Amino acid sequence: GYDSRGGNAGGNDTSLHPTTPGHDDASRPSAQTINWCMENIEVKVTSGEYVDEIGLVQAVLGSNCEVKLRDGAQITIVPSANLEAVPAHKNSTVIILQGEFKGHTGKLIGIDGRDGIVKMDLNLDIKIIDMLSLAVYLGTVKARL
């Protein structure tokens, strides 16, 4: 009987995991999905008529985005909830979608798991940014002063 209590104490440890900071971080992006989209980013349509199409955001219209589809000149309105940013690759120009550096651009110089190593265009600083907060940016980069 005494040994089984020890086992239960071990079991209690697992009940603490849902409140660990990593769990909270996972839910943060969903709180900001309403207005995550930005102009000049590459997106993939995740549902609806144009599912799996890749396009470029031309304009943000409230909770919708005006998207120019890659495989044609067609422009369509898609709810931002039905879009996801195309994952950035090393050496891509990226824009930061959320957090302290939202709206800033840089070059993705490395990827380490979920972390993107970004050389910022504004001041050439190196920043570590969650890959889920980065999007491929196809607009005009603001040169540093």
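Reference entry: report on the structure contained in this document. The structure displayed is predicted, hence computed values, not measured ones.

Basis of the calculations
Residues numbered from 1 in each chain as written. Predicted model: local features only at pLDDT ≥ 70, side-chain atom pairs only at ≥ 80, totals over all residues. Heavy atoms only, no water. Pairing = 2+ DSSP bridges. Helix = DSSP H or I, 4+ residues; strand = E, 2+ residues; numbered from the N terminus. Buried < 20%, exposed > 50% of the residue type's maximum accessible area, 1.4 Å probe, protein only.

The next subject is the pairing of strand 7 (residues 105-112). With 3 bridges connecting them, strand 6 (residues 93-96) and strand 7 associate as antiparallel partners. Its bridge partner lying in strand 7, threonine 93 is registered against lysine 107. As paired strands, strand 7 and strand 8 (residues 115-120) are joined by 6 bridges and run antiparallel to one another. Looking at the pairing, leucine 108 lines up with valine 118 of strand 8. Following strand 7, the chain reverses through 2 residues before pairing antiparallel with strand 8; glycine 113 in that reversal takes a positive phi of roughly 65°.

Residues in a regular strand project their side chains so that they alternate between the two faces of the sheet. Burial of the side chains of strand 3 (residues 64-69) is restricted to one face: Cys65, Val67 and Leu69 are buried, whereas none of Asn64, Glu66 and Lys68 on the reverse face is. Examined bridge by bridge, strand 2 (residues 54-61) and strand 3 share 6 bridges and lie antiparallel to one another. Counted as the bridge partner of leucine 61 is asparagine 64 from strand 3. In this structure, the hairpin formed by strand 2 and strand 3 is closed by a connection of 2 residues, where glycine 62 is found at a positive phi of approximately 65°. By the bridge criterion, 5 bridges tie strand 3 to strand 4 (residues 75-79) in an arrangement that is antiparallel.

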